[in-house]
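Structure at a glance
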Amino acid sequence: MSKYKCLVCGKKLSYVADKCGKCAKKELQKIFDKDPELKQGFKEALEEAFSPENKEKMANDITNIMKVFQEVKKRKDEKL
């Protein structure tokens, strides 16, 4: 039983959100249609964020964060 619903179309959602993916996409498309410059800026930002260099940096950052978590857990386990 789903307790979340799209506020636009009423579709039941299996996740916490105000809108379903289809309605959110339609709304974003309307915004982009009104402002092509915003659409281009958004596209460029996504391309930069997912460039190979940035993907590698994100992977390294996640790895470093996980190492910290593992070290904290290890220290906690040693104290027990």
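Scroll up for the structure.
Residues numbered from 1 in each chain as written. Predicted model: local features only at pLDDT ≥ 70, side-chain atom pairs only at ≥ 80, totals over all residues. Heavy atoms only, no water.

Before going further, it helps to examine the overall build of the chain. Counting secondary structure elements, the chain contains three helices and two strands. For the chain, the succession of helices and strands along the chain, N to C, is β-β-α-α-α. Relative to the globule expectation of 12 Å for 80 residues, the C-alpha radius of gyration of the chain, 20 Å, shows a markedly less compact shape. Oriented by its inertia axes, the alpha-carbon framework of the chain measures out at about 55 × 40 × 15 Å. Taking the intrachain contacts of the chain between residues at least 6 apart in sequence as the baseline, contacts between residues at least 24 apart amount to 0%. A total accessible area of about 7,500 Å² is found for the chain, and carbon and sulfur atoms account for 58% of it. Where the 20 positive side-chain charges of the chain centre and where its 14 negative ones centre are 11 Å apart. (Helix = DSSP H or I, 4+ residues; strand = E, 2+ residues; numbered from the N terminus. Rg over C-alpha atoms; globule rule 2.2 N^0.38 Å. Contact = heavy atoms within 4.5 Å. Areas by Shrake-Rupley, 256 points an atom, 1.4 Å probe, with all protein chains shown as cover. Lys, Arg positive; Asp, Glu negative; His and termini not counted. Charge placed at Lys NZ, Arg CZ, Asp CG, Glu CD.)

Before going further, it helps to spend a moment on a positive patch on the surface. Where like charges cluster on the molecular surface, the positive patch consists of Lys11, Lys22, Lys26, Lys30 and Lys34. Structurally, the position occupied by Lys11 is in the loop between strand 1 (4-5) and strand 2 (12-13). (Patch = residues over 30% accessible without salt bridge, like charges linked within 9 Å, V, L, I, M, F, W, Y side chains within 5 Å. Salt bridge = Lys/Arg side-chain N within 4 Å of Asp/Glu carboxyl O.)

A few words now on a nonpolar patch on the surface. There is a patch of nonpolar side chains on the surface, built from Leu28, Ile31, Leu38, Phe42, Leu46, Phe50, Met58, Ile62, Ile65, Met66 and Phe69 and spanning about 1,000 Å² of accessible area. If you list the elements that add at least two residues to the nonpolar patch, you get helix 1 (21-34), helix 2 (36-49) and helix 3 (52-79). The biggest single contributor to the nonpolar patch is helix 3, with five residues. Counting through the fold element by element, Phe69 comes out in helix 3.

As a further point, take the pattern of salt bridges. One pass over the structure, following the stated rule, counts four salt bridges. As a salt-bridge pair, Lys19 and Glu27 come within 2.9 Å of each other at their nearest N and O atoms. For Glu27, a relative accessible area of 36% corresponds to the partly exposed category. The shortest N-O distance in the salt bridge between Arg75 and Glu71 comes to 3.3 Å. Here Glu71 and Arg75 lie together in helix 3, a separation of four residues that amounts to about one turn. Residue class for Arg75 comes out exposed when judged on its relative accessible area of 51%. (Buried < 20%, exposed > 50% of the residue type's maximum accessible area, 1.4 Å probe, protein only.)

Geometric descriptors of this kind do not, in isolation, establish any biological role.
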